[in-house]
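Below are the chains, spelled out letter by letter.
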Amino acid sequence: MNITYAYAAQDAQSRLAPFSYTPRELRDHDVQIEVLFCGVCHSDLHQVRNEWKNTVFPVVPGHEIVGRVTAVGAHTARYHVGDLVGVGCMVDSCRTCSSCEEGLEQYCEDGFTATYNGKDRQSGAITYGGYSTRVVVNEDFVLRVPENLELSGVAPLLCAGITTYSPLRHWGVGPGKKVGIVGLGGLGHMGVKLAHAMGAYVVLFTTSPSKIADGKRLGADEVVVSRDASQMAQHTNSIDFILNTVAAQHDLNPFIELLKRDGNMTLVGVPEYDHPAPHVATLIFKRRSVAGSLIGGIAETQEMLDFCGKHGITSDIEMIQINQVNEAYERMLKSDVKYRFVIDIDSLRQQTAA
Ligand code: NAP
Ligand code: ZN
Ligand code: ZN
């Protein structure tokens, strides 16, 4: 029996609860993965509550997946039974458009297939994510996990890691650059660690004074409480690049004013309601720009994992059992997570065995 146990939400108002389904038969290039750990991303919460207005219920969230290969398809070449692997936000794309050909599958002109709440390109079935005992994924969208890293702390790299790594690389972050990271949550704490490892001078902007010491421990050279205008003013016109990870609507202007001439602030948070448009003159007078960025391509995700392996970087996690996930969502809404919840999927296996 191939029955797979999971946690799903049945509608935007309901809590996540036990669910089961039968995954697809292995296709020629598939990898079957026994999920060991799955991170809890704020995007899971947005989608479970249908804040992006596109959720198909029941939804099984989870796109920060690490596990072990337990079976492979007839022509799968890259992975073998026993390999430690990861799966992030994507499980397929058109593979032929200009973005896919450049390794930017996240920007696939035809839309990438999301790990959950996506539509399988062959069968049309809705995809189910990593709050599950098992996932089946085409080998081209499976990542190799560095053997030297603690596995539970690797899971969040598959979304929080790549979503921060990609824009930091794209905007040339490195030695000699002053970089701001806004928000110390799952994405933000990875942004601080990665920007620090890339050699930049890192300033963390947080709304939570209680996170100042952690910000420094994680690699920030300075920590600014963003609701304190006098602390903010000390950085006016001085920052090359700001990565804004905040999950809620807020005023962008106080951050844009901190950018140097030609500086850029890239948004990765996708709040339920858009931010108010920033002041035009604040952009024009210093040729500043505001951009967005979506996760990262498969090759870059592997590059990020290898970078983390080399630098010994993992996520700071709080491990939870599957039945604590609803409570974890409530805590995430209060910015009360240090700094990523990760579900021990063995707790789901044990629950179903009992
Ligand atoms: P998270 O762990 O909840 O962290 C968000 C952080 O934002 C909080 O810890 C808090 O940091 C800050 N914050 C929250 N509410 C705020 C408010 N009202 N005003 C100012 N700051 C506030 O969330 P996450 O998992 O890192 O995800 C962050 C966002 O990125 C979500 O919207 C998620 O959907 C999105 N996302 C986007 C991509 C992409 O590809 N673009 C990928 C993954 C996730 P402080 O306490 O330090 O202020
Ligand atoms: Zn995510
Ligand atoms: Zn494509």
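Computed from a predicted structure; not experimentally measured. Starting afresh in each chain, residues are numbered from 1 along the sequence in its written order. Think of it this way: whatever chain is written first is A, whatever ligand is written first is 1, and the rest follow in order. A pLDDT threshold of at least 70 governs which residues receive local features in this predicted model, and a stricter bar of 80 or more applies before side-chain atom pairs are shown or counted, although totals over entire chains, interfaces and linings include all residues. Heavy atoms throughout the structure, all of them, feed into the side-chain values; hydrogens and water do not.

**Section: the site of ligand 1**
Just so we agree on the cut-off: The nearness test applies per residue and asks whether one of its heavy atoms lies within 4 Å of the molecule or strand. Under this definition, polar contacts are N or O atom pairs within 3.5 Å; protein pairs additionally need one hydrogen-donor-capable and one acceptor-capable atom, and for neighbouring residues in sequence, both atoms have to be side-chain atoms. Areas reported here follow the Shrake-Rupley algorithm with a probe of radius 1.4 Å; residue values treat only the protein chains shown as occluding. Runs of H or I in DSSP of at least four residues are treated as helices and runs of E of at least two as strands, each being numbered from the N terminus. Classification used: nonpolar for Ala, Val, Leu, Ile, Met, Phe, Trp, Tyr, Cys and Pro, charged for Asp, Glu, Lys and Arg, polar for all others including Gly. In this document the domain limits rely on a domain assignment from an automatic tool or a database.
Neighbouring residues of ligand 1: 30 residues in total, closest His 42, Thr 206, Thr 207, Ser 208 and Arg 340. At 2.5 Å, a side-chain N or O of Ser 208 approaches an oxygen atom of ligand 1. At a separation of 2.7 Å, an oxygen atom of ligand 1 approaches a polar backbone atom of Ile 295. Coverage of ligand 1 by the protein amounts to 91% of the 920 Å² it exposes when considered alone. Of all elements in the fold, only α1 (42-48) and α5 (186-197) reach the threshold of two or more residues within the shell around ligand 1. Residue contributions to the shell around ligand 1 peak at three residues, all from α1. Here the residues of the shell around ligand 1 sort into 13 nonpolar, 14 polar and three charged. There are two domains that each give the shell around ligand 1 at least three residues, and those are domain 1 (4-159 + 296-353) and domain 2 (163-292).

**Here we look at the pairing of strand β8 (residues 134-138)**
Quick note on the threshold: Only protein chains enter the area calculation, which uses a 1.4 Å probe; residues under 20% of their type maximum are buried, those over 50% are exposed, and those in between are partly exposed. At least two DSSP bridges between two strands are needed for those strands to be called paired.
Where burial is concerned, most of β8 is hidden: five out of the five residues are buried. Here β8 shows a buried face lined by Arg 134, Val 136 and Asn 138 and a second buried face lined by Val 135 and Val 137. Sheet topology places strand β3 (residues 30-39) next to β8; five bridges connect them, and they run antiparallel. Within the sheet, the bridge partner assigned to Asp 30 lies in β8 and is Asn 138.

**Brief notes about the coordination of the zinc ion (ligand 2)**
The following threshold applies: Counted as donors are the N, O and S atoms within 2.8 Å of the metal, or 3.2 Å for Na, K and Ca, while water is not among the atoms, so some sites may look incomplete.
Bound to the zinc ion (ligand 2) on the protein side are Cys 41 (SG), His 63 (NE2) and Cys 159 (SG), at distances that span 2.0 to 2.2 Å. When the donors of the zinc ion (ligand 2) are listed by position in the chain, the intervening gaps give C-x21-H-x95-C. Of the two residues, Cys 41 sits in the loop between β3 and α1 while His 63 sits in the loop between α1 and β4 (65-72), which places them 22 residues apart along the sequence. We note that Cys 41, like His 63, is buried.

**So, the sheet that holds strand β12 (residues 222-225)**
To keep things clear, this is the line we draw: Angles here are taken between N-to-C directions and fall from 0 to 180 degrees, while the axes themselves are lines fitted to C-alpha atoms, restricted in helices to the stretch in contact.
Read from one edge of the open sheet, six strands run β12-β11-β10-β13-β14-β15, paired in parallel fashion. Because the sheet does not close on itself, it has two edges, and the strands there are β12 and β15 (289-292). Across this sheet, the average inter-strand angle for adjacent strands is 20°, counted without regard to direction. In this sheet, strand β11 (residues 201-206) lies alongside strand β10 (residues 178-182) in parallel orientation, the contact comprising five bridges.

**A short note on the environment of Arg 121**
Structurally, Arg 121 can be placed in the loop between β7 (113-114) and β8. Looking at Arg 121, the relative accessible area reads 31%, which means it is partly exposed. In terms of polar contacts, Arg 121 uses its side chain to reach the side chain of Asp 110, at 3.0 Å.

**Thoughts on helix α11 (residues 325-333)**
Spelled out, the test is: We call two residues in contact whenever any of their non-hydrogen atoms come within 4.5 Å of each other.
Buried residues of α11: Val 325, Asn 326, Ala 328, Tyr 329, Arg 331 and Met 332, and no others. Where the residues of α11 are buried, they touch β1 (4-8), α1, β16 (317-320) and β17 (340-344). Just past α11, the residue Ser 335 takes up positive phi, approximately 55°.

**Observations regarding the nonpolar core**
Defined as follows: In this text, buried Ala, Val, Leu, Ile, Met, Phe, Trp, Tyr and Cys residues form a nonpolar core when linked through side-chain atoms within 4.5 Å.
Formed by 87 residues in total, the largest nonpolar core has its most connected members in Val 40, Tyr 131, Leu 168, Leu 194, Val 325 and Tyr 329. Among the elements that line this core, the one with the most residues is β3, at six residues. Discounting chain neighbours no more than four positions away, the residues touching Val 325 are Tyr 7, Leu 16, Val 40, Tyr 131, Ile 320 and Ile 343. Residues Val 203, Val 224, Met 232 and Phe 255 belong to the second largest nonpolar core, which totals 15 residues.

**A word on a nonpolar patch on the surface**
Note the following rule: Excluding any residue in a salt bridge, patches collect residues exceeding 30% relative accessible area, merging like charges within 9 Å and nonpolar Val, Leu, Ile, Met, Phe, Trp and Tyr side chains within 5 Å. Within this document, salt bridges are pairs made up of a side-chain nitrogen of Lys or Arg and a carboxyl oxygen of Asp or Glu, the two lying within 4 Å of each other.
On the surface, Val 280, Ile 284 and Phe 285 cluster together into a nonpolar patch covering about 380 Å² of accessible area. By the element assignment, Phe 285 lies in the loop between α9 (280-284) and β15. Relative accessible area serves as the criterion here: at 71%, Phe 285 is assigned to the exposed category.

**Notes on the coordination of the zinc ion (ligand 3)**
Going by this rule: A site with four donors is called tetrahedral when every donor-metal-donor angle falls between 85 and 135 degrees; four donors are called square planar, and six octahedral, when opposite donors sit more than 155 degrees apart and all other angles fall between 65 and 115; any other arrangement is irregular.
All of the protein donors around the zinc ion (ligand 3) are Cys 94 (SG), Cys 97 (SG), Cys 100 (SG) and Cys 108 (SG); their distances to the metal are 2.3 to 2.4 Å. Around the zinc ion (ligand 3), the four donor atoms sit at angles spanning 103 to 121°, and that spread fits a shape best called tetrahedral. For the zinc ion (ligand 3), the single-chain donor residues occur in sequence as C-x2-C-x2-C-x7-C. Taken together, the positions of Cys 97 in the loop between β6 (90-92) and α2 (98-101) and Cys 108 in the loop between α2 and β7 put the pair 11 residues apart, joining distant regions of the chain. In this structure, Cys 97 and Cys 108 share a single accessibility class: buried.

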